[in-house]
Every structure is written in C-alpha cells, then in structure tokens.
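Listed below are the residues making up each chain.
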Amino acid sequence: MARYTDIRLDCQFCGACCKNSTANQAEGYVDYVPMEKGDAILQKPELMRRYGVLGKGGAWYLALTSEGRCKALRGALGGRVRCEIYHYRPSPCRRVQLGTELCRRYRRDHGLETEVR
Ligand code: SF4
Ligand code: SF4
C-alpha cells in the first residue's frame with residue numbers, strides 16, 4: 001500500500017485535478033476536461049459562453065487559461081480554491097474522488113504531495 005506525505009488532503013485546498021499537467025501540455029494535449037452527453041452545463045448557454053470551448057474533434061471541453069487551469073477554478077492551487085460552476089461541473093469532474101489513486105496522481109503532478117516508498 002502506497003503512503004503519501006499530504007500537504008492537506010482536502011478538495012477545498014487543492015484544485016490539482018482542475019489543471020492540465022505540464023507533461024500533458026508538453027505532449028500537445030490542449031483539451032482537458034470533456035463535457036459529456038447529458039451534462040447539464042450543455043443546456044446553459046451563458047455558462048457555455050464563459051467556460052466552454054469547442055475541441056478540434058467537434059466535442060465541447062472546459063476552457064483553460066494559458067496556464068492550463070480550468071477557467072472555472074478560483075484561487076491558487078494548493079490554497080483555498082473554489083469551482084465557479086460546481087453544480088454544473090461536467091461528468092469527468094464528478095468522477096475524480098478524494099484520496100483515490102487518480103486524485104493522488106493529479107496531486108503528485110502538481111507537487112501537492114509525494115509518495116513515500
Ligand atoms: S479530488 Fe483530489 S486532486 Fe481533485 S481537488 Fe480533490 S483532493 Fe485535489
Ligand atoms: S469545472 Fe470545476 S471541478 Fe471541473 S475542472 Fe473546472 S474548476 Fe475543476
């Protein structure tokens with residue numbers, strides 16, 4: 001079982017899964033979180049104008065800042081953060097669960113914790 005040095009395992013003081021990793025960006029993955037069929041945000045034109053972007057393949061994604069952060073994320077990574085569209089966040093955002101291996105990987109990618117071997 002892996003052990004970790006947590007800075008603070010709390011979504012309200014994290015935001016790691018809301019930012020495309022530098023490695024992904026370097027590999028050319030500019031689109032990050034897709035919106036899926038049935039996601040409520042797709043029915044909200046105002047939110048789509050502010051937070052949606054059409055990917056090359058014709059699917060909708062969350063718009064990112066030049067740093068690769070989701071435009072709906074407020075606050076500094078690892079500090080107090082908030083999702084501006086929490087109740088309308090797309091399905092992939094809802095699938096990342098606190099403390100899972102996926103969550104830990106995002107946190108490691110953004111330097112918010114390290115695995116202890
Ligand atoms: S699910 Fe994990 S990576 Fe995402 S904000 Fe919460 S603690 Fe951070
Ligand atoms: S919509 Fe909210 S939860 Fe999803 S990536 Fe953006 S800030 Fe994070």
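In the block above lies the structure referred to throughout.
Remember, predicted model here, so these are calculated numbers, not experimental data.

A. Representation of the overall build of the protein chain. The secondary structure content of the protein chain amounts to 4 helices and 6 strands. When the elements of the protein chain are put in sequence order from the N terminus, they spell out β-α-α-β-β-β-β-α-α-β. In terms of overall dimensions, the protein chain has a C-alpha envelope of 45 × 30 × 25 Å along the principal axes. Counting over 117 residues, the protein chain shows a buried share of 34%. The contacts in the protein chain between residues at least 6 apart in sequence include a share of 62% that link residues at least 24 apart.

B. Geometry of the site of ligand 1. Looking at ligand 1, the residues that line it are Cys11, Cys14, Gly15, Ala16, Cys17, Val96, Leu98, Cys103 and Arg107. The cavity that encloses ligand 1 is the largest pocket. Looking at the shell around ligand 1 residue by residue, the classes come out as 7 nonpolar, 1 polar and 1 charged.

Quick notes on the rules
- Residues numbered from 1 in each chain as written.
- Chains lettered and ligands numbered in written order.
- Predicted model: local features only at pLDDT ≥ 70, side-chain atom pairs only at ≥ 80, totals over all residues.
- Heavy atoms only, no water.
- Helix = DSSP H or I, 4+ residues; strand = E, 2+ residues; numbered from the N terminus.
- Buried < 20%, exposed > 50% of the residue type's maximum accessible area, 1.4 Å probe, protein only.
- Contact = heavy atoms within 4.5 Å.
- Near = heavy atom within 4 Å.
- 1 Å grid on protein atoms, 1.4 Å probe; cavity = no way out; pocket = protein on both sides within 12 Å on 5 of 7 lines; lining within 4 Å.
- Sits in = over half its atoms within 2 Å of the grid points.
- Nonpolar A, V, L, I, M, F, W, Y, C, P; charged D, E, K, R; others polar.

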